[in-house]
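A look at the structure
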Amino acid sequence: MAGPVLVFDSGVGGLSVVRSLRQHLPETAMAYCCDNAMMPYGIRPDDWLVQRIVAVCAAAVDATSADTLVVACNTASTLALNELRERLALPVVGTVPAIKPAALASRSGCLALLATSATVSRPYTQRLIDSYAPHCRVKKVAADALVTQAEHQLAGRAVDLEVVRHALAPLIDDPLVDTVVLGCTHFPLLLPWLDEVMPRAITWIDSGDAIARRTVQVMQQPDARQGAQCAWLTASSPALEPGLSRFGFDAVRQLPKV
Ligand code: DGL
């Protein structure tokens, strides 16, 4: 029997990808794993991150018997996809900033990439921009503070609009920017607050739908959903449990220590 699709992120951001996956694969069993003990990833050194990401994903694949891994984290994917594919014997789908559709959608030719500090500074990200948006002005904005706000929101706490406004200030002050790539999976969870703070209409682009379509292509044998679907955390966090349950993960367990 086929195993579930395993979705991995540092924290709750991957749930924005789960939303798209559930639309494309309503009958498929899913497991979720987040490395909440070490979140946020976006401010950590690359060498350490590669080892950590491979170790946590390997442990989660073992724990869940997954047969497809979706790395629902731009910070992890722009760094560690090759290592994951070398180390794990299952299809691995990555998440990288959606520069190409954003370049196609922008009327002004001025885009912004909103992501973690790590993602905005990665050579992988610059290669995406050079390949798919050479004719555009692309403003890179690091917004690590929004990761924490998305975590708070999922745990039932209020989003601090001043933090959101401060993070978006470089976009607010640049009126030609009409399209913004949400290059961190946490950010689509904050969409109502991003819209509330922006003084003009923006086309927000995330990778969720493209990842779900790619997952459908690579899946070996879709398994039917059975009983409780499980979320695996690297640190106990009861405050996240109601939010995880809203995305279909009714059981929450701790991953064996990595
Ligand atoms: N959700 C992750 C991403 O897509 C990053 C969050 C973090 O910094 O841990 O990049």
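To be clear, the structure that these remarks concern was listed above.
Residues numbered from 1 in each chain as written. Predicted model: local features only at pLDDT ≥ 70, side-chain atom pairs only at ≥ 80, totals over all residues. Heavy atoms only, no water.

Sheet architecture is open: 4 strands sit in the order β6-β5-β7-β8, paired in parallel fashion. The sheet terminates laterally at β6 (137-142) and β8 (203-205), the two strands that pair on one side only. Between one strand axis and the next, the sheet turns through 25° on average, direction left out of account. Of the strands in this sheet, β5 (110-115), β6, β7 (179-182) and β8 are in contact with helix α8 (residues 161-172), which crosses β6 at around 165°. (Pairing = 2+ DSSP bridges. Helix = DSSP H or I, 4+ residues; strand = E, 2+ residues; numbered from the N terminus. Axes fitted to C-alpha atoms, helices over the stretch in contact; angles between N-to-C directions. Contact = heavy atoms within 4.5 Å.)

Residues F8, I53 and L69 are the most contacted members of the largest nonpolar core, which totals 30 residues. When contributions to this core are tallied by element, the ones reaching two or more residues are β1 (5-9), β2 (30-34), α2 (46-64), β3 (68-71), α3 (74-87) and β9 (230-233). The greatest single-element share of this core, amounting to 10 residues, is contributed by α2. Apart from the residues within four sequence positions on either side, F8 is in contact with C33, D35, Y41, I53, V56, C57, L69, V70, V71, A72, C73 and A76. By size, the runner-up hydrophobic cluster in this structure holds 26 residues, among which are V5, L25, A72 and I211. (Core = buried A, V, L, I, M, F, W, Y, C linked by side-chain atoms within 4.5 Å. Buried < 20%, exposed > 50% of the residue type's maximum accessible area, 1.4 Å probe, protein only.)

Let us now look at α2. Because each turn of an α-helix spans 3.6 residues, side chains separated by three or four positions in sequence point in the same direction. For α2, built from 19 residues, the straight-helix expectation of 27 Å at 1.5 Å per residue is met to within 8% by its first-to-last C-alpha distance of 27 Å. All buried positions along α2 are accounted for by L49, V50, R52, I53, V54, V56, C57, A58, A59, A60, V61 and T64. The elements touched by buried residues of α2 are β1, β2, β3, α3 and β9. Of the residues one or two after α2, S65 is the one with positive phi, at around 55°. (Expected span 1.5 Å × (residues − 1).)

Time to look at the site of the ligand. The full set close to the ligand counts 14 residues, and S10, Y41, N74, T75 and H186 are the nearest of them. Here an oxygen atom of the ligand and a backbone polar atom of Y41 are 2.6 Å apart. A distance of 2.8 Å is found between a nitrogen atom of the ligand and a side-chain nitrogen or oxygen belonging to H186. When isolated, the ligand has an accessible area of 300 Å², and the protein chains bury 100% of it. Among the detected pockets, the ligand sits in the largest cavity. Of the residues contributing to the shell around the ligand, the split by class is 6 nonpolar, 7 polar and 1 charged. (Near = heavy atom within 4 Å. Polar contact = N/O pair within 3.5 Å; in protein donor to acceptor, adjacent residues only side chain to side chain. Areas by Shrake-Rupley, 256 points an atom, 1.4 Å probe, with all protein chains shown as cover. 1 Å grid on protein atoms, 1.4 Å probe; cavity = no way out; pocket = protein on both sides within 12 Å on 5 of 7 lines; lining within 4 Å. Sits in = over half its atoms within 2 Å of the grid points. Nonpolar A, V, L, I, M, F, W, Y, C, P; charged D, E, K, R; others polar.)

Here the focus is the layout of surface pockets. Its boundaries defined by the atoms lining it, the largest pocket holds a volume of some 520 Å³. Contributing to the lining of the largest pocket are 23 residues, with G94, V96, P97, A98 and A210 lying nearest its centre. Contributing elements (two or more residues each) for the lining of the largest pocket: α3, β4 (92-93), α4 (99-105), α6 (123-132) and α10 (208-218). No other element matches α10, which puts 4 residues into the lining of the largest pocket. Grouping the constituent residues of the lining of the largest pocket by class yields 16 nonpolar, 3 polar and 4 charged. (Points joined across faces, edges and corners; volume = space filled by probe spheres on them.)

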